Amino acid sequence: WIVASQVNNDYYTIQNSLDGENWNDVGTVPGAGNSNTQMDYFYTHDNPHIGLSYYRLRQTDYDGTSETFNPVSVIVKDNKTIGRLLLVKWNILILI
């Protein structure tokens, strides 16, 4: 994912769900704190569910406040499908 700027950004939590309602934390990525520079972030889920599942981001500030973003749906056909996040747009996740 790409962010244009950040204020007090401590970290991102990547969450996964099989039903879009019950969420599990699968990883965290450190934030850049305060930045006016575009930054690219990446995360690879090493053991995803085969089939349909959902992912979303939760961004947490240094003071503990957080914002949770809309989920995207993902279909993993097999473990060979796992790759680098290429595009998240219109709630579509494309892996290469």
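1. Quick word on the overall build of the protein chain
A tally of helices and strands in the protein chain yields zero helices and nine strands. Counting from the amino terminus, the protein chain carries its helices and strands in the arrangement β-β-β-β-β-β-β-β-β. The 96 residues of the protein chain split such that 31% are buried. Here the contacts in the protein chain between residues at least 6 apart in sequence split such that 50% fall between residues at least 24 apart.

2. Notes on the packing of aromatic side chains
Across all of its chains, the model carries three aromatic pairs by this definition. With 5.5 Å between their ring centres and 10° between their planes, tryptophan 1 and tyrosine 41 make a pair best called stacked. Of this pair, tryptophan 1 sits in the segment before strand S1 (2-3) while tyrosine 41 sits in the loop between strand S4 (39-40) and strand S5 (51-61); the two residues are 40 residues apart in sequence, bridging distant segments of the chain. Tyrosine 41 carries the same exposure label as tryptophan 1, and that label is buried. An aromatic cluster is present here, built from Trp1, Tyr12 and Tyr41 joined pairwise through their rings.

3. So, the nonpolar core
Among the nonpolar cores identified, the biggest contains eleven residues, and these are Trp1, Val3, Tyr12, Ile14, Val29, Tyr41, Tyr55, Leu57, Val72, Val74 and Val76. Among the elements that make up this core, the one with the highest residue count is strand S7 (residues 72-76) (three residues). Contacts of valine 3, omitting those with residues within four sequence positions, involve Tyr12, Thr37, Gln38, Met39 and Tyr41.

4. Quick look at the pattern of salt bridges
Under the criterion given, the structure shown has one salt bridge. Notably, a salt bridge pairs arginine 58 with aspartate 25, separated by 3.7 Å at the nearest N-O pair. Note that arginine 58 is positioned in strand S5 and aspartate 25 in strand S3 (residues 24-35), a separation of 33 residues in sequence.

5. Description of unusual backbone geometry
Here asparagine 8, not a glycine, exhibits a phi torsion of approximately 60°, which is positive. For asparagine 8, the position within the fold is in strand S2 (residues 6-17). A relative accessible area of 36% means that asparagine 8 is categorised as partly exposed.

6. Observations concerning the environment of glutamine 38
Along the chain, glutamine 38 falls in the loop between S3 and S4. Sequence separation between glutamine 38 and isoleucine 2 is 36 residues, and the spatial gap between their C-alpha atoms is 7.0 Å. With near-sequence residues (within four places) excluded, glutamine 38 lies in contact with Ile2, Val3 and Ala4.

Basis of the calculations
Residues numbered from 1 in each chain as written. Predicted model: local features only at pLDDT ≥ 70, side-chain atom pairs only at ≥ 80, totals over all residues. Heavy atoms only, no water. Helix = DSSP H or I, 4+ residues; strand = E, 2+ residues; numbered from the N terminus. Buried < 20%, exposed > 50% of the residue type's maximum accessible area, 1.4 Å probe, protein only. Contact = heavy atoms within 4.5 Å. Phe/Tyr/Trp six-rings, centres within 6.5 Å; stacked < 30°, edge-to-face > 60°. Core = buried A, V, L, I, M, F, W, Y, C linked by side-chain atoms within 4.5 Å. Salt bridge = Lys/Arg side-chain N within 4 Å of Asp/Glu carboxyl O.

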